[in-house]
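Listed below are the residues making up each chain.
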Amino acid sequence: MRWLVSIILLSMCSLWASSINKTIDELLEDNVQQELSLPQYDPFKRAKPLLKAKKRGKRVYRPAPKELTAVFNDKAFINGRWYQLGDTLPEGRLVKINATRVYLKKGSTIKVLPLKKSKNLLNITQKVGE
């Protein structure tokens, strides 16, 4: 009896399986084709305008900020050069030199450059009585 039931079940399964028209290989090929159909997306689309070379315009002259680093005998040491009264800088003409600041006049405006305080790296002291 068991043998008869198993034969009936196998025949029913074979009839049910015969209703599938595609083989296993065909089913696998369909899955592969579906996986390959990816949407076209460019992840660098937003970055493309940033990567383009910018056109360079005319260069603009911007003078370095003036720094007064020393004053000695009516001369001022400004940005690596010594200037005296009446000398002309891009910011104006040197009109007055103090011990702690310099006055530059250009037109009706006067610009004041204060003496830059530097850090003393070496403190040299002299002993009295030697």
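To be clear, the structure that these remarks concern was listed above.
Residues numbered from 1 in each chain as written. Predicted model: local features only at pLDDT ≥ 70, side-chain atom pairs only at ≥ 80, totals over all residues. Heavy atoms only, no water.

A. Representation of the sheet that holds strand S2 (residues 75-78) in the model. Strand order across the open sheet formed by 3 strands is S1-S2-S3, with antiparallel pairing between neighbours. At either end of the open sheet lies a strand with only one pairing partner, and these are strand S1 (68-72) and strand S3 (81-84). Going across the sheet, the axis of each strand differs from the next one's by a mean of 25°, ignoring polarity. As defined by bridge partners, S2 adjoins S3 across 4 bridges and the pair is classed as antiparallel. Note that in S3 the partner of phenylalanine 77 across the bridge is tryptophan 82. (Pairing = 2+ DSSP bridges. Helix = DSSP H or I, 4+ residues; strand = E, 2+ residues; numbered from the N terminus. Axes fitted to C-alpha atoms, helices over the stretch in contact; angles between N-to-C directions.)

B. Focus on the nonpolar core. By size, the foremost hydrophobic cluster in this structure holds 10 residues: Leu68, Ala76, Ile78, Tyr83, Leu89, Leu94, Ile97, Val102, Leu104 and Leu113. Breaking this core down by element, the ones donating at least two residues are S2, strand S5 (92-97) and strand S6 (101-106). Once residues within four sequence positions are removed from consideration, tyrosine 83 is found in contact with Asp74, Lys75, Ala76, Ile78, Leu89, Leu94 and Ile97. (Core = buried A, V, L, I, M, F, W, Y, C linked by side-chain atoms within 4.5 Å. Buried < 20%, exposed > 50% of the residue type's maximum accessible area, 1.4 Å probe, protein only. Contact = heavy atoms within 4.5 Å.)

C. View of the pairing of S5. Here strand S4 (residues 88-89) runs beside S5; their pairing, made up of 2 bridges, is antiparallel. Its bridge partner lying in S5, threonine 88 is registered against arginine 93. From the end of S4 to the start of S5, which pair antiparallel, there are 2 residues. Here S5 pairs with S6 via 4 bridges, running antiparallel. Paired with isoleucine 97 across the two strands is valine 102, which belongs to S6. Connecting S5 to the next strand, S6, in antiparallel fashion are 3 residues.

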